[in-house]
Amino acid sequence: MNGTPAVLVARGPIARRQPEAPVWRSHLHGSDLSWSIIFVSPYAALFAAFIIYPIGYGLWMGSHPPLYGELLSDPRYIRAAINTVIFIGLAVNVQMILALLLSGFFMRRRRWIKALLAIYILPWTLPAVPAYLSFHWMLVAYPQGLPNNLLMALFGIEGPFWFNHNWLAVACNITANIWKWMPLWTLIFLGGRMAIPQDLYDAADIDGASLYQRFAYVTVPLLANLYLISTLISTIWTFSDYAPVLFVSGGTPDFGSDVVSTLGFHYWLDYANPPLAVAAGLSVLPLLIPIVILLMYRLKKAEVQL
Amino acid sequence: MIRALFPARLRRPVRYRLRRILTEATSALLGAVILAWSLVPVYNMFLVALDPTGHNEFTWEIWPSDPTLAAFVALWTGEVEDVRDIWLQFGNSIYIGFFVMMLTVLAGSLASFAIGRMRLVKEWKLTSITLLTYVIPSSTLIIPFHRVMHIYGLLDNPWAVIAAEVTFATPYAILVLLYYAKLIPIELDDAARIDGASVIQLYLRIYLPLMAPALAAVGTYALLFAWNDYFYQYMLLSSEKNTTVAMGLEQFFDDDDAPWNYMMAIAILYSLPPIAIFYALRRYMASGLIAGGIKG
């Protein structure tokens, strides 16, 4: 009996010290644990209600094999699938490579280049619908849209009707997508370049490295991981980016420039066939899932490196 | 001997100067190309908005021949039938954008704090789970989403759109916040703990203030996301009183006789809020994006 209070007193500070030491960081308990769970719960609730449930519902909707036979027998779907691959392959890679190169240009310390950067970011800050509608309006007006007028004024050639041909229309959509999203990736690569220590470049200069060698042997290896992760994220986003197709060409001529996601809208709204629309969307999963897994792997590896 | 030395000595500076002039000329040229590339579609908006009819596409004009602010004035006075609801639509867009921004910052910062600072679970587990959001393209997910919203009874309710947009904006926000949080030494938290700070105090007094740049970047990103969206708004909202600007703009799309000058005037006004916020927060954005440069 007499010993108990002494033991309690003696245990007090020890018991208090334990949670303060790294222990509370490795595995939580008590109020820390409950608070952490409370902090995560808003996002967890959102995720369960608006991601897990709809994904499950969608997988169930598109789980009938005959739907895919129906898709493959539709020439519009084949066309859209080819367009999707071309759209993503070109739009993502062109904007990534140009963004990487342009970020080097924007590293130059000139006042006018800083001012130019502010203007260059403008397309990214413009909302998608008005920006793409402006593209549509420039290109749909034949023969006197702004690009055609400029062609006439500068070179004296009469421009084409941009939405009259599949590939031309796809090219217009790709251009609009690059225009809108390249500034974001340029900013991110600019951030990455700023994080590269200047001494590495100084050392390269002492060794007599040329501009190309500085780029190829200093910048590229250090930005490789950032570049890969950005490319993967951009690819995933572009898969679900319907806006350039919907608003620039509108899928003209005759579904010729539609991608899978916008064709899905047609299946859903014009033909009132939601399961077929879901099946069209799910048909890109064989391409999309490896990209997501690769991204998860790269992010995990990046974390280990940090 | 001396004559032989002179040309060699002179050649170097001349060559360097020539190279410098060439570099400057190339970068000036590149700058001009970038300027044109960035501004042509924006310029086109003004060209159409400033035209008295908006049908100037059938003239070979590069400069506005008869510029007028009539379209903007008409929007202000609300005297044109097609665009009478414009301010209601603006109100709805701002309502949705504001809550998407706030809730993304809130949900993202809470989750990233619990995982990144409290180490509730390993970070890569959270990032992997959040990436599940992108496994099915959001343009496809809208279809089951529409059904699910019907089940929840949220159709034609702005909160359905807010929920959808917050859900899609938060994963990227968490990613950026987690990487930015690594720049803040964890020892700060330890020190505060020793001084007796609670978890909430850690979050409010240490995490939020130090994360301000990243939070600004993430909030702007969420606002841009809401402002860019069209299809979720179009599918989930139907009644006139819930129409947003993006939906209103789309109505002009198929109509060749539509008053395009009004449409472009609306487009310009609609573009202003995100641009203003972006440039106001640019200083923060830059450092937030650098950290969010997903370094690895």
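Residues numbered from 1 in each chain as written. Chains lettered and ligands numbered in written order. Predicted model: local features only at pLDDT ≥ 70, side-chain atom pairs only at ≥ 80, totals over all residues.

Caption draft 1: Representation of the overall build of chain A within the structure. Along its length, chain A carries 16 helices and zero strands. Buried residues in chain A amount to 42% of all 306 residues. Look at the contacts in chain A between residues 6 or more apart in sequence, and 72% of them connect residues 24 or more apart. (Helix = DSSP H or I, 4+ residues; strand = E, 2+ residues; numbered from the N terminus. Buried ≥ 20, exposed ≤ 12 C-beta atoms within 10 Å, placed from the backbone. Contact = placed C-beta atoms within 7 Å.)

Caption draft 2: Main features of the overall build of chain B. The number of helices and strands found in chain B is 13 helices and zero strands. Each helix (α) and strand (β) of chain B, taken in turn from the N terminus, gives the series α-α-α-α-α-α-α-α-α-α-α-α-α. Across the 296 residues in chain B, those meeting the buried criterion constitute 47%. By sequence separation, contacts in chain B at least 24 residues apart represent 80% of the contacts at least 6 residues apart.

Caption draft 3: Local environment of helix α12 (residues 211–239) of chain A. All names here are of chain A. Over its 29 residues, α12 runs only 36 Å from end to end, short of the ideal 42 Å by more than 12%, given 1.5 Å per residue. Considering bend angle alone, the principal kink of α12 is centred on Ala224 and spans about 50°. Looking only at α12, the buried set comprises Thr219, Leu223, Leu226, Ile229, Ser230, Leu232, Ile233, Ser234, Thr235, Ile236, Thr238 and Phe239. (Expected span 1.5 Å × (residues − 1). Bend = angle between axes of the 7 residues up to and from the residue.)

Caption draft 4: Looking closely at the interface of chain A and chain B. In this complex, chain A contributes 86 residues to the contact, which on the side of chain B involves 80 residues. If one sorts the elements of the side of chain A that touches chain B by residue count, helix α3 (residues 30–61) of chain A sits on top with 17 residues. When the residues that make up the side of chain A that touches chain B are grouped by side-chain class, the tally is 62 nonpolar, 18 polar and six charged. (Nonpolar A, V, L, I, M, F, W, Y, C, P; charged D, E, K, R; others polar.)

Caption draft 5: Representation of the nonpolar core. The biggest cluster of nonpolar side chains holds 171 residues, and the ones touching the most others in it are Tyr132 of chain A together with Val100, Val176, Leu177, Val218, Ala222 and Ile266 of chain B. Looking at this core element by element, the count peaks at 18 residues for helix α6 (residues 158–181) of chain B. Apart from residues no more than four positions distant in its own chain, Ala222 of chain B is found in contact with Val100, Met101, Thr104, Val105, Ala169 and Ala173 of chain B. (Core = buried A, V, L, I, M, F, W, Y, C linked by C-beta atoms within 7 Å.)

Caption draft 6: A look at helix α10 (residues 166–194) of chain A. Here α10 of chain A contains 29 residues, and its C-alpha end-to-end distance of 41 Å stays within 8% of the 42 Å for a straight helix at 1.5 Å per residue. Along α10 of chain A, the sharpest kink reaches roughly 40°, centred on Trp181 of chain A and followed within four residues by the proline Pro183 of chain A.

Caption draft 7: Seen up close, the environment of Trp162 of chain A. As for its placement among the helices and strands, Trp162 of chain A is situated in the loop between α9 (146–155) and α10. The sequence separation of Trp162 of chain A and Ser249 of chain A amounts to 87 residues, and the corresponding C-alpha distance is 8.7 Å.

Caption draft 8: Inspection of the confidence of the model for chain A at higher detail. All names here are of chain A. The predicted model of chain A averages 83 in pLDDT, with 88% of residues at 70 or higher. Mean pLDDT per element in chain A: helix α1 (residues 3–20) is the minimum at 39, and helix α5 (residues 75–106) is the maximum at 94. A low-confidence stretch, residues 1–25 stays under pLDDT 50, and its non-local contacts, those more than four residues away or across chains, total six contacts. (pLDDT = per-residue confidence, 0-100.)

Caption draft 9: Up close: the packing of α6 of chain B against helix α9 (residues 212–228) of chain B. Residue and element names in this part refer to chain B. It is the contact of α6 with α9, at a shortest axis distance of 10 Å, that shows an interaxial angle of 160°. Classified by the interaxial angle, the pair formed by α6 and α9 is roughly antiparallel. Handedness of the crossing formed by α6 with α9: right-handed. Counting all contacts with α6, which are made through Glu165, Phe168, Ala169, Tyr172, Ala173, Val176, Leu177 and Tyr180, the residues of α9 involved are Ala214, Ala217, Val218, Tyr221, Ala222, Phe225 and Ala226. Of the residues assigned to the contact of α6 with α9, the class counts are 14 nonpolar, no polar and one charged. (Axes fitted to C-alpha atoms, helices over the stretch in contact; angles between N-to-C directions. Parallel < 35°, antiparallel > 145°, perpendicular 65-115°, else oblique. Left-handed = near helix turned anticlockwise from the far one by under 90°.)

Caption draft 10: Geometry of the confidence of the model for chain B. Residues and elements named next belong to chain B. Within chain B, residue pLDDT values average 82, and 87% of them lie at 70 or more. The secondary structure element of chain B with the lowest average pLDDT is helix α13 (residues 282–291), at 60, and the one with the highest is helix α3 (residues 86–117), at 92. The model gives residues 291–296 a pLDDT under 50, and that stretch makes 29 contacts with residues more than four places away or in other chains. With a pTM of 0.85, the predicted complex shows an ipTM of 0.84.

Caption draft 11: Broad picture of unusual backbone geometry. Unusually for a residue other than glycine, Ala272 of chain A sits at a positive phi of about 50°. Backbone geometry places Arg119 of chain B, a non-glycine residue, at a positive phi of 55°. In this structure, Arg119 of chain B sits in the loop between α3 and α4 (123–131). Of the residues examined, Arg119 of chain B has 17 C-beta atoms within 10 Å and is grouped as partly exposed.

Caption draft 12: Expanded view of the packing of α3 of chain A against helix α5 (residues 138–152) of chain B. It is at 8 Å that the axes of α3 of chain A and α5 of chain B come closest, and there the two elements cross at 105°. In terms of axis orientation, α3 of chain A runs roughly perpendicular to α5 of chain B. Facing Tyr53, Pro54, Ile55, Tyr57, Gly58 and Met61 of chain A of α3 of chain A, the residues of α5 of chain B in contact are Thr140, Leu141, Ile143, Pro144, Phe145, Arg147 and Val148 of chain B. The residue inventory of the contact of α3 of chain A with α5 of chain B, partitioned by class, reads ten nonpolar, two polar and one charged.

Caption draft 13: Spatial organisation of the environment of Gly256 of chain A. All names here are of chain A. Locating Gly256 in the fold gives a position in the loop between α13 (243–249) and α14 (260–270). A count of 20 C-beta atoms within 10 Å places Gly256 in the buried class. It is 39 Å that separates the C-alpha atoms of Gly256 and Gly191, two residues lying 65 residues apart in sequence. Gly256 has contacts with Arg79, Asn166 and Ala169, leaving out every residue within four places of it along the chain.

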